[in-house]
Amino acid sequence: MIIESINEEIARNHAFLITTHESPDGDAVGSTLALACYLRWLGKEVTLYYRDPVPDIYRFLPLADTVNSSIPAGHYDICFVLDVGELKRAGKELAGFRGIGKFINIDHHLHCERFGALNLIDSGACATGALVYRLIKAAGDEIDYDIALCIYTAVITDTGSFRYSNANPEAFAIAGEMVAAGVGAWDVAEKLYECQPQERLALLALALSTLEVSGRGDFAALTVTLDMYGKSGATAELTDGFVNYPRSIRGVEVAVFFREVEPGLFKVGFRSKGKVDVSALAAAFAGGGHHNAAGCTIAGSLQEVRARVFKHLENAFC
């Protein structure tokens, strides 16, 4: 099995690089840090690299302060790439780095590029953190508090605090085991949901003023433009979760979040309540993701980008 093969690679190698996708979310951060904690527990040499910074709300996790913003020079026997969907989402620096012996891909995206020498992919897993959990359990090793905290965070964030359809029996079982290992459910919830900086609420107020609901009420959208950061004092990482506000509207099946990353370029996030496969919508714009959560990047003015996306959405509901 793939898991056994990966554990064999871990056993026979020493130097590991671990990375994930741009704009890392809770599963990306939680799963990579859980794996890093585990490999260090095994006595391995571990280097963490993210293209983008660790969002503030996840900096309470162990090893979060050790993540590098560029890849340190050297040779790495194995590069673990987690939760990316496709390798390019890990950034151009990784694609051009020549000091890697082998890639191992761990993911739960529905449409996932198989770029690794070994690919542990299960779209039925609630989170990539759950796959790291399976890896450790298959090796017969214990999950200590630090690993448990990271895995719990990965699961709770990617299931929307167990509200999303991927909150399957395994998700609850893993969460229960992590709590039994010492993780405090309230402690994590407080750090994730009850410690918002004032700047985030100021930015949210500006974003909510852009709310647009389709004529039939089946999709809705929010937008954050570059000038809003200056007005609010916030940064892009504080937009995490904004897309859930339009999705919460009664009757809305798909929410869209337009985030300007540079003049003439927008990241577009999609969230579905289940009736519409938004990974197919994202794929139409060279993006990807899951049935209920996906994204892409589109060039153009805000008006052009919105018009293109809304046209595809209207067709999806026909």
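Residues numbered from 1 in each chain as written. Predicted model: local features only at pLDDT ≥ 70, side-chain atom pairs only at ≥ 80, totals over all residues. Heavy atoms only, no water.

Asks: When you look at the sheet that holds strand E5 (residues 118-121) in this model, what are you seeing that I'm missing?
Replies: Strands pair in a sheet through their backbones, by hydrogen bonds, and they do so in one of two ways: parallel or antiparallel. Taken in spatial order, the five strands make up an open sheet running E2-E1-E3-E4-E5, and their pairing is parallel. If you trace the sheet from one side to the other, it starts and ends with strand E2 (45-49) and E5, each paired once. Strand after strand, the sheet turns through a mean of 20 degrees between neighbouring axes, direction not considered. Relative to E5, strand E4 (residues 100-107) runs parallel, the two being bridged by four bridges. Across the sheet, Asn105 pairs through a bridge with Asn119, a residue of E5. Its contacts with the sheet place helix H2 (residues 26-41) against strand E1 (15-20), E2 and strand E3 (76-82), and it is angled at close to 170 degrees to E1. Helix-sheet contacts for helix H4 (residues 128-138) involve E3, E4 and E5, and the interaxial angle to E4 is about 115 degrees. (Pairing = 2+ DSSP bridges. Helix = DSSP H or I, 4+ residues; strand = E, 2+ residues; numbered from the N terminus. Axes fitted to C-alpha atoms, helices over the stretch in contact; angles between N-to-C directions. Contact = heavy atoms within 4.5 Å.)

Asks: Is there a simple way to explain the nonpolar core in this structure?
Replies: Most often, soluble globular proteins keep nonpolar side chains buried together rather than apart. One finds Leu33, Leu35, Leu39, Phe80, Ile151 and Met178 to be the most contacted residues of the largest nonpolar core, which totals 53 residues. Setting aside residues no more than four positions away along its own chain, Leu33 makes contact with Leu48, Tyr50, Leu61, Pro62, Leu63, Ala64, Val67 and Cys150. Grouped together as the second largest cluster of nonpolar side chains are 21 residues, Val254, Phe258, Phe266 and Leu281 included. (Core = buried A, V, L, I, M, F, W, Y, C linked by side-chain atoms within 4.5 Å. Buried < 20%, exposed > 50% of the residue type's maximum accessible area, 1.4 Å probe, protein only.)

Asks: Looking at this structure, how should I read the environment of Glu212?
Replies: Here Glu212 shows up in strand E6 (residues 212-213). Its relative accessible area of 34% is what places Glu212 among the partly exposed residues. Along the sequence, Glu212 and Val256 sit 44 residues apart, while their C-alpha atoms lie 9.7 Å from each other. The contact partners of Glu212, leaving out residues within four places of it in the chain, are Phe219, Ala220, Ala221, Arg306 and Phe310.

Asks: Would you explain the packing of helix H1 (residues 2-12) against H4 in this entry?
Replies: Packed helices, taken two at a time, are described by their axes: the angle between them and the distance between them. At a closest axis distance of 10 Å, the pairing of H1 and H4 adopts a crossing angle of 70 degrees. Between H1 and H4, the angle is such that the two are roughly perpendicular. Here Ile3, Ile6, Asn7 and Ile10 of H1 lie close against H4, whose contacting residues are Arg134, Leu135 and Ala138. Considered class by class, the residues forming the contact of H1 with H4 number five nonpolar, one polar and one charged. (Parallel < 35°, antiparallel > 145°, perpendicular 65-115°, else oblique. Nonpolar A, V, L, I, M, F, W, Y, C, P; charged D, E, K, R; others polar.)

Asks: How should the environment of Ala117 be read in this particular structure?
Replies: Here Ala117 is to be found in the loop between E4 and E5. When the C-alpha positions of Ala117 and Lys311 are compared, they lie 39 Å apart, and in sequence the two are 194 residues distant. Residues contacting Ala117, with those up to four places away along its chain left out, are Lys102 and Phe103.

Asks: Just to check I follow, could you spell out the sheet that holds E6 for this structure?
Replies: With respect to topology, six strands assemble into an open sheet ordered E6-E7-E8-E9-E11-E10, the strand pairing being mixed. The sheet terminates laterally at E6 and strand E10 (288-289), the two strands that pair on one side only. Most of the contacts of helix H12 (residues 302-316) go to strand E8 (residues 254-262), to which it runs at about 155 degrees, and overall it touches E6, strand E7 (219-224), E8, strand E9 (265-272) and strand E11 (293-299).

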